[in-house]
Amino acid sequence: MKPYWIKTNPIIKMIFSNFIWDIPNNEKKIYLTFDDGPTPEITNWVLNQLEQYNAKATFFCIGKNIAANPEIFNQILEKGHSIGNHTYNHLNGWKTTSQEYLENIEACETAISNLKSEIKDLKSKIFRPPYGKVKVAQAKKLRQQGYKIIMWDVLSADFDQNISKEKCLNNVLSNTTSGSIIVFHDSVKAFKNLEYVLPKALRYLTENHFLFEAIKD
């Protein structure tokens with residue numbers, strides 16, 4: 001696996017200042033995010049963990065998983081969390097033509113919009129590129145369409161099968177500060193680490209007076 005930053009380098013944030021890497025505030029608000037769901041059982045487990053701490057989060061959903069698991073998707077909304085677009089097929093923008101990439105994002109937006117809910121308007125205008133990889137031209141077009149591109153300040157690396165669950169936990173606890181956007185994954189691949197890390201992170205961060213907020217459109 002290629003090397004990656006756990007704490008996003010400030011220089012990267014400056015270079016790509018049109019992306020949202022964190023949400024500064026003086027109230028110790030932080031932003032838990034979960035990519036790649038909804039996933040049967042795993043997303044349900046995540047929702048239960050969050051509910052224990054009255055924590056709100058943001059779920060960047062893959063369109064095909066929304067279509068396959070509409071009941072779980074609606075549970076996310078019913079529990080007061082935010083929804084973001086993560087493409088329909090988890091595409092790597094660097095390896096995809098702009099037309100195909102934008103059409104795939106539109107397909108995910110359609111999957112979101114097609115699920116009618118009494119909870120909220122299901123149009124979502126927050127987007128996270130899978131792998132964090134999006135071309136400049138793609139990003140420009142998305143912003144023109146009204147999307148906010150949400151990246152991250154802290155990467156838990158729960159997806160990395162080569163790190164220990166203890167290291168994964170430390171990635172979160174030692175790097176989270178007020179305003180941090182933190183990435184987890186409600187996926188089968190990540191669950192070995194997530195199952196260990198999320199309850200402990202929620203407890204520790206609560207004890208240290210952090211507040212868990214969802215990212216709004």
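So, here's what we can say about the structure. (Residues numbered from 1 in each chain as written. Predicted model: local features only at pLDDT ≥ 70, side-chain atom pairs only at ≥ 80, totals over all residues. Heavy atoms only, no water.)

Concerning the nonpolar core
A general trend in soluble globular proteins is that nonpolar side chains are found buried together.
Line of reasoning, step 1. By size, the foremost hydrophobic cluster in this structure holds 62 residues, and its most contacted members are Leu32, Phe34, Leu50, Phe59 and Phe184.
Line of reasoning, step 2. A per-element tally of this core places helix H8 (residues 191–207) first, with 7 residues.
Line of reasoning, step 3. Residues within four places of Leu32 in sequence aside, it is in contact with Leu50, Ala57, Thr58, Ile182, Phe184, Leu202, Phe212 and Glu213. (Core = buried A, V, L, I, M, F, W, Y, C linked by side-chain atoms within 4.5 Å. Buried < 20%, exposed > 50% of the residue type's maximum accessible area, 1.4 Å probe, protein only. Helix = DSSP H or I, 4+ residues; strand = E, 2+ residues; numbered from the N terminus. Contact = heavy atoms within 4.5 Å.)

Focus on the layout of surface pockets
Line of reasoning, step 1. Here the largest pocket defines a volume of roughly 1,100 Å³.
Line of reasoning, step 2. Mapped onto the lining of the largest pocket, the elements with two or more residues apiece are helix H6 (136–144) and strand S7 (181–185).
Line of reasoning, step 3. Among the residues making up the lining of the largest pocket, the classes are represented as 20 nonpolar, 7 polar and 8 charged. (1 Å grid on protein atoms, 1.4 Å probe; cavity = no way out; pocket = protein on both sides within 12 Å on 5 of 7 lines; lining within 4 Å. Points joined across faces, edges and corners; volume = space filled by probe spheres on them. Nonpolar A, V, L, I, M, F, W, Y, C, P; charged D, E, K, R; others polar.)

Things to note about the pattern of salt bridges
Line of reasoning, step 1. Under the counting rule described, the total for this entry stands at 7 salt bridges.
Line of reasoning, step 2. Salt-bridge contacts for Asp35 lead to Arg128; the nearest nitrogen and oxygen are separated by 2.8 Å. One end of the pair, Asp35, is in strand S1 (residues 29–35); the other, Arg128, is in the loop between strand S4 (126–127) and H6, with 93 residues separating them in the sequence.
Line of reasoning, step 3. Relative accessible area serves as the criterion here: at 3%, Asp35 is assigned to the buried category.
Line of reasoning, step 4. Using a relative accessible area of 0% as the deciding quantity, one classes Arg128 as buried.
Line of reasoning, step 5. Its salt-bridge partner being Glu109, residue Lys125 comes within 3.6 Å of it at the nearest N-O pair. In this pair, Lys125 sits in the loop between helix H5 (98–114) and S4 while Glu109 sits in helix H5, placing the two residues 16 residues apart along the sequence. (Salt bridge = Lys/Arg side-chain N within 4 Å of Asp/Glu carboxyl O.)

Considerations on helix H7 (residues 165–173)
Line of reasoning, step 1. Of the positions making up H7, those classed as buried are Cys168, Leu169, Asn171 and Val172. Within H7, the buried residues cover an arc of 150 degrees as seen down the axis, which keeps them to one side. (Arc of directions from axis to C-beta.)

Here's the deal with the environment of Ile23
Line of reasoning, step 1. Note that Ile23 resides in the loop between helix H1 (10–15) and S1.
Line of reasoning, step 2. Taking the C-alpha atoms as reference, Ile23 lies 9.0 Å from Ile215; in sequence the two are 192 residues apart.
Line of reasoning, step 3. Contacts of Ile23, omitting those with residues within four sequence positions, involve Tyr31, Gly179, Ile181 and Ile215.

A few points about the pairing of strand S3 (residues 82–85)
Line of reasoning, step 1. Alternating residues of S3 divide into Ser82 and Gly84 and Ile83 and Asn85, and every residue in both groups is buried.
Line of reasoning, step 2. Direction of pairing for strand S2 (residues 58–61) relative to S3: parallel, over a ladder of 4 bridges. Each residue of the ladder has a partner; that of Thr58, found in S3, is Ser82. (Pairing = 2+ DSSP bridges.)

Some words on the state of the cysteines
Disulfides are covalent bonds that connect the sulfur atoms of two cysteines.
Line of reasoning, step 1. All told, the structure shown has 0 disulfides when counted by the stated rule.
Line of reasoning, step 2. Lacking any disulfide linkage, Cys108 is separated from the closest cysteine sulfur, that of Cys61, by 7.3 Å.
Line of reasoning, step 3. Considering cysteine sulfurs only, Cys61 is the nearest to Cys168, which forms no disulfide, with 20 Å between them. (Disulfide = S-S within 2.5 Å.)

Some points on the packing of aromatic side chains
Line of reasoning, step 1. Per the counting criterion, the structure on display carries 8 aromatic pairs.
Line of reasoning, step 2. With centroids separated by 5.5 Å and ring planes inclined at 55 degrees, the aromatic side chains of Tyr4 and Phe159 adopt a geometry described as tilted. You can see Tyr4 sitting in the segment before H1 and its partner Phe159 sitting in the loop between strand S6 (154–155) and H7, a full 155 residues away along the chain.
Line of reasoning, step 3. Assessed through its relative accessible area of 29%, Tyr4 is described here as partly exposed.
Line of reasoning, step 4. Geometrically, the ring pair formed by Phe16 and Phe19 is stacked, given 5.8 Å between the ring centres and 10 degrees between the ring planes.
Line of reasoning, step 5. Each residue in the set Phe16, Phe19 and Trp21 is aromatic and connected to the rest through ring pairs, giving one cluster. (Phe/Tyr/Trp six-rings, centres within 6.5 Å; stacked < 30°, edge-to-face > 60°.)

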